[in-house]
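Listed below are the residues making up each chain.
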Amino acid sequence: MRITFLGTSHGVPEPNRKCSCTMIEVAGNVYFIDMGTPAIDALRTRMIEVDAVKGVFITHMHGDHSNGLISFVDIVNWYFRSADPDIVVPDLEAYHAIKNWLEVTKVPLGRKIRFRETTPGLIYDDGLVRLTAFLTQHCVKSYAYLVEAEGKTVLFTGDLRNPNVDFPEMTTDTKLDLVVCEAAHFEATDYLPRFLNKKIGKICVNHYSDRYLPSVFSLFAAVSDMKICTVLATDDLEIVV
Ligand SMILES: [Zn+2]
């Protein structure tokens, strides 16, 4: 699977870093983890068919993770009408809010768009990609997502309260080819106890703020002894796992 980081900033956009939005491509299908920035623009820029989007999975409803969903649903509603993605949100109020917003734009929702609410456990399986949701404590109804495709496993932590309390628990024999984690709410070195005794191939830190950036480099130095690759995400970074 190819993972493209379209937006890697924390709650506030930084110069050259948009808010959280990650695109996953598997065998021509496209999936999003968070849409804090207008992903529709990125699809058009990359000449990716909007019909290829099969799933949008929001970790939590804070605007830096969800604002781009409004423009995406808007244009899928009236223009890219053959697109038929599953949109999975932690709070189904998002559906009603976007529906109300489209009323205000005078282009009301005129077709069926599949929204459903995230629940812990397996939330999506189209035969190519499986997603499992883990409840976190960043806010009311926030989730981490485990993505499995093509024999690879990638964990997106979403925003956490602190890895010591809400880093997703999974069996110790789960091999994580990639962990995509944030560093905007705590020292990144707080991850270290959670990374010990786990089979992790690579760690990518995104959604980081200047305040905690020094701790990200401390984390990277510490895990290099554990033979784990590391990368600091910047917008448009691509990782193939
Ligand atoms: Zn955030």
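Read on for an overview of the structure. The structure displayed is predicted, hence computed values, not measured ones.

So, about the coordination of the zinc ion. In the first shell of the zinc ion, the protein supplies Asp-64 (OD), His-65 (NE2), Asp-159 (OD) and His-207 (NE2), at 2.1 to 2.3 Å from the metal. The site at the zinc ion holds four donor atoms, and with the angles between them running 85 to 175°, its shape is irregular. Counting gaps between the donor residues of the zinc ion yields the pattern D-H-x93-D-x47-H. On the criterion of sequence distance, the pair formed by Asp-159 in the loop between strand E10 (152-156) and helix H4 (163-166) and His-207 in strand E14 (residues 202-208) is long-range, its members being 48 residues apart. Exposure remark for Asp-159: the relative accessible area of 3% places this residue in the buried category. Exposure remark for His-207: the relative accessible area of 2% places this residue in the buried category.

The seven strands lie next to each other as E7-E8-E9-E10-E12-E14-E15, forming an open sheet whose pairing is mixed. Both outer strands of the open sheet, strand E7 (121-125) and strand E15 (229-232), are each paired with one neighbouring strand and no more. Pairwise comparison of adjacent strand axes, ignoring direction, gives a mean angle of 20° for this sheet. Note: E14 against E15, four bridges, orientation parallel. What sits directly across from Val-205, in E15, is Leu-232. This element, helix H6 (residues 213-224), spans strand E12 (178-183), E14 and E15 of the sheet and lies at about 165° to E15.

This brings us to the environment of Glu-187. Looking at the element boundaries, Glu-187 is found in the loop between E12 and helix H5 (192-195). Glu-187 sits 173 residues away from Glu-14 along the chain, and the two C-alpha atoms are 19 Å apart. Excluding its chain neighbours within four sequence positions, the residues that come into contact with Glu-187 are Tyr-212 and Ser-215. Polar contacts involving the side chain of Glu-187 include one to the side chain of Ser-215, which spans 3.4 Å.

Summed over all chains, the structure comprises 11 aromatic pairs. On the basis of an interplanar angle of 70° and a centroid distance of 6.3 Å, the ring pair of Phe-57 and Tyr-145 is categorised as edge-to-face. Separated by 88 residues along the polypeptide, Phe-57 in strand E4 (residues 53-57) and Tyr-145 in strand E9 (residues 142-149) bring together distant segments of the chain. On the basis of relative accessibility, which here comes to 0%, the residue Tyr-145 falls in the buried class. With centroids separated by 4.8 Å and ring planes inclined at 85°, the aromatic side chains of Tyr-79 and Phe-80 adopt a geometry described as edge-to-face. Put simply, the rings of Tyr-31, Phe-57, Tyr-124 and Tyr-145 touch in pairs and so form one group of aromatic residues. The aromatic ring of Tyr-208 is capped on one face by Arg-17, whose charged end is 3.8 Å from the ring centroid.

Conventions we followed
- Residues numbered from 1 in each chain as written.
- Predicted model: local features only at pLDDT ≥ 70, side-chain atom pairs only at ≥ 80, totals over all residues.
- Heavy atoms only, no water.
- Donors = N, O, S within 2.8 Å, 3.2 Å for Na, K, Ca; no water.
- Tetrahedral: all angles 85-135°; square planar, octahedral: opposite > 155°, others 65-115°.
- Helix = DSSP H or I, 4+ residues; strand = E, 2+ residues; numbered from the N terminus.
- Buried < 20%, exposed > 50% of the residue type's maximum accessible area, 1.4 Å probe, protein only.
- Pairing = 2+ DSSP bridges.
- Axes fitted to C-alpha atoms, helices over the stretch in contact; angles between N-to-C directions.
- Contact = heavy atoms within 4.5 Å.
- Polar contact = N/O pair within 3.5 Å; in protein donor to acceptor, adjacent residues only side chain to side chain.
- Phe/Tyr/Trp six-rings, centres within 6.5 Å; stacked < 30°, edge-to-face > 60°.
- Lys NZ or Arg CZ within 6 Å of the ring centre and 35° of its normal.

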